[in-house]
Amino acid sequence: KKLRLDECIEFEMLGRTEKAKLIEAEIVTLEENIVNNVKESLETYNEKETSPTATAPQDPKKHLLNFLIEQKEADLECPVCLVPATVPIYSCPESHLICSHCRPKVTECPECRVVYKDKQPARRH
């Protein structure tokens, strides 16, 4: 019995080791894809930003920072007024954001239609 148990354990360990190697290889592939996607996004952003008034090319780090800032601003955009929300920022129970100017004007979340419960303290970010 002990010999059979040892064989089963060894077989299971080999199988798990192979699975771990496959997962590690997949992680490496995904990391490479992320790097390539960021590079492509940056190139696309750079192509869109080309303007006739620019005389000298900007630093690539500035391009990346501007791109990331624009993404964050898009994430903070109020769905009602379409302006990036400023502090205080309110949200519904599903964590959809709304700016402090639009929150008093609506009774339900503009994204998921969950009714705001005004009796509870508002969630601020």
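Residues numbered from 1 in each chain as written. Predicted model: local features only at pLDDT ≥ 70, side-chain atom pairs only at ≥ 80, totals over all residues. Heavy atoms only, no water.

Q: Give me the overall build of the protein chain: which residues, what numbers.
A: A tally of regular secondary structure across the protein chain gives 2 helices and 3 strands. Along the chain direction, N to C, the helices and strands of the protein chain fall in the order α-α-β-β-β. By residue count, 14% of the 125 residues in the protein chain fall in the buried class. For the protein chain, contacts bridging at least 24 residues in sequence account for 28% of all contacts bridging at least 6. Surface exposure of the protein chain reaches about 10700 Å², of which carbon and sulfur atoms provide 58%. (Helix = DSSP H or I, 4+ residues; strand = E, 2+ residues; numbered from the N terminus. Buried < 20%, exposed > 50% of the residue type's maximum accessible area, 1.4 Å probe, protein only. Contact = heavy atoms within 4.5 Å. Areas by Shrake-Rupley, 256 points an atom, 1.4 Å probe, with all protein chains shown as cover.)

Q: Requested: an account of the pattern of salt bridges, with residues and values cited.
A: Applying the stated rule across the entire model yields 2 salt bridges. Taking the shortest distance from any N to any O, the salt bridge between E12 and R16 comes out at 3.1 Å. Placement of both E12 and R16 in helix α1 (residues 2–49) is noted, with a separation of 4 residues, approximately one turn of the helix. A relative accessible area of 39% means that E12 is categorised as partly exposed. For R113, the salt bridge is made with E108, and the minimal N-O distance between the two is 3.9 Å. A relative accessible area of 30% places E108 in the partly exposed class. (Salt bridge = Lys/Arg side-chain N within 4 Å of Asp/Glu carboxyl O.)

Q: How would you explain the packing of aromatic side chains if you had to name every residue and give the values?
A: Following the criterion strictly, the structure yields 0 aromatic pairs and no others. It is R103 that lies over the ring of Y116; its NZ or CZ is 3.9 Å from the centre. (Phe/Tyr/Trp six-rings, centres within 6.5 Å; stacked < 30°, edge-to-face > 60°. Lys NZ or Arg CZ within 6 Å of the ring centre and 35° of its normal.)

Q: Let's hear about a nonpolar patch on the surface: which residues, and what values?
A: A contiguous nonpolar surface patch, about 320 Å² in accessible area, is contributed by I34, V38, L64 and L68. Those elements that place two or more of their residues in the nonpolar patch are α1 and α2 (60–75). Along the chain, the position of V38 falls in helix α1. The partly exposed category is assigned to V38, whose relative accessible area is 44%. (Patch = residues over 30% accessible without salt bridge, like charges linked within 9 Å, V, L, I, M, F, W, Y side chains within 5 Å.)

Q: Tell me about the nonpolar core, and please be specific about residues and values.
A: Within soluble globular proteins, side chains that are nonpolar tend to cluster in buried spots. With 10 residues, the main nonpolar core is built from C78, A85, I89, Y90, C92, I98, C99, C102, C109 and Y116. Looking at this core, the elements with two or more residues in it are β1 (89–91) and β2 (97–99). (Core = buried A, V, L, I, M, F, W, Y, C linked by side-chain atoms within 4.5 Å.)

Q: Account for unusual backbone geometry, with residues named and values stated.
A: A positive phi angle, close to 60°, is found at L82, a residue other than glycine. With respect to the secondary-structure elements, L82 resides in the loop between α2 and β1. Take L82: its relative accessible area is 53%, and that puts it in the exposed class.

Q: Give me the state of the cysteines: which residues, what numbers.
A: Under the definition given, this model contains 0 disulfides. Free cysteine C99: the closest other cysteine sulfur is in C102, separated by 3.5 Å. C99 gets classed as buried once you look at its relative accessible area, which sits at 5%. (Disulfide = S-S within 2.5 Å.)

Q: Please set out the environment of H63 residue by residue, giving values where relevant.
A: Looking at the secondary structure, you find H63 in helix α2. On the basis of relative accessibility, which here comes to 11%, the residue H63 falls in the buried class. Considering only alpha carbons, one finds H63 and Y45, 18 residues apart in sequence, at a separation of 7.9 Å.

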